[in-house]
Amino acid sequence: MKKRIVLLLLVLIFLGLGGYFYYEQFLKPQVVHYHAGFQVYVDGKLQDFSGLKYMHVVPCTTDDHKAEVDEQEEKAHLHDFVGEVAHVHRSNATWGDLFTNIKFRVDSSKSVVAYVNGEKVDGILHYPIKAYDSLVLFIGKHGDVEEYLKKAVKKEYVQKVEKKSDGCGES
């Protein structure tokens, strides 16, 4: 009987450790840190996301206690009143995650056309955000696409923004 109990305990310990390592390796959201630029035009008008209501604000703390992390908000968000540079902290972040987190609804009853790095893409809300990408999103009517694309957020601007941050020493 004791051998069975010991064997059962060993099996449970093994399963517990296996489950923990599986979670750490395959299920736990991978923390990353990179940035991408974006612009949204609604009926030809550039949207301004630099207001406080679009910003991801986390209070600074001086102790070792960290605020509980909202996994959705951590995927992609804005900081420091810069409304055209997305901060990405999860490897599976999409442009849809960013728009969800800044509470911007993409009106699918209108024409939605997206360009990433100058290339037209479909399904932008499910499209992954990659480091230094530049999205130009058109909702509704718009003029000459090439003229808008010339004004897209450039990698150099994103790099300039990522060098400075007011958010507790992190961006």
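What you see as residue numbers is a count from 1 along each chain, following the sequence as written. Residues qualify for local features only when their pLDDT is at least 70, as the model is predicted, and side-chain atom pairs are given and counted only at 80 or more; totals for whole chains, interfaces and linings, by contrast, use all residues. Only hydrogens and water are set aside when side-chain values are computed; all heavy atoms of the structure are taken into account.

**Q** Before we go on, may I ask you to explain the packing of aromatic side chains in this structure?
**A** The geometry of two aromatic rings is summed up by the distance between their centres and the angle between their planes. Aromatic rings from Phe, Tyr and Trp, with only the six-membered ring used for Trp, were paired whenever their centres fell within 6.5 Å, and each pair was classed as stacked if the ring planes differed by under 30 degrees, edge-to-face if by over 60, and tilted otherwise. Under the defined criterion, the tally for this structure stands at 10 aromatic pairs. A ring pair is formed by phenylalanine 38 and tryptophan 95, whose centres lie 6.1 Å apart and whose planes are at 50 degrees; its orientation type is tilted. Here the residue phenylalanine 38 occupies a position in strand 1 (residues 31-42), and tryptophan 95 occupies one in helix 3 (residues 95-101), the gap between them amounting to 57 residues. Whether a residue is buried, partly exposed or exposed follows from its accessible area with a 1.4 Å probe, protein chains only, as a fraction of its type maximum: under 20%, in between, or over 50%, in that order. Overall, the relative accessible area of 0% leaves tryptophan 95 in the buried class. Centroid distance tyrosine 41 to tyrosine 148: 4.5 Å. Interplanar angle 65 degrees. Geometry classified as edge-to-face. Of this pair, tyrosine 41 sits in strand 1 while tyrosine 148 sits in helix 4 (residues 145-150), and the two are 107 residues apart along the sequence. Secondary structure counts use DSSP, requiring at least four H or I residues in a row for a helix and at least two E residues in a row for a strand, with both numbered from the N terminus.

**Q** Hey, could you run me through the pattern of salt bridges in this one?
**A** Between side chains of opposite charge, a pair can form as their charged atoms come close. By convention in these notes, a salt bridge is any Lys or Arg side-chain nitrogen within 4 Å of a carboxyl oxygen on Asp or Glu. Inspection of the entire model under this criterion finds four salt bridges. Taking the shortest distance from any N to any O, the salt bridge between lysine 75 and aspartate 97 comes out at 3.9 Å. With lysine 75 in helix 2 (residues 71-75) and aspartate 97 in helix 3, this pair connects stretches of sequence that are 22 residues apart.

**Q** So what exactly am I meant to see when it comes to the nonpolar core here?
**A** For soluble globular proteins, nonpolar side chains are generally found buried alongside one another. Throughout, nonpolar core names a set of buried Ala, Val, Leu, Ile, Met, Phe, Trp, Tyr and Cys residues whose side chains join them through atoms within 4.5 Å. With 27 residues, the main nonpolar core has Phe38, Trp95, Leu98, Phe99, Leu135 and Leu137 as its most contacted residues. Mapped onto this core, the elements with two or more residues apiece are strand 1, strand 4 (85-90), helix 3, strand 5 (112-116) and strand 7 (134-139). A total of five residues in this core trace back to one element, the largest contributor, which is strand 1. Only heavy atoms enter the contact rule, under which two residues are in contact if any of them lie within 4.5 Å. Ignoring any residue separated from it by four or fewer positions in sequence, one finds phenylalanine 38 in contact with Phe49, Leu78, Gly83, Glu84, Val85, Ala86, Trp95, Leu98, Phe99, Leu135 and Val153. In terms of nonpolar packing, the next biggest core, distinct from the first, is built from nine residues, Tyr41, Val136, Leu149 and Ala152 among them.

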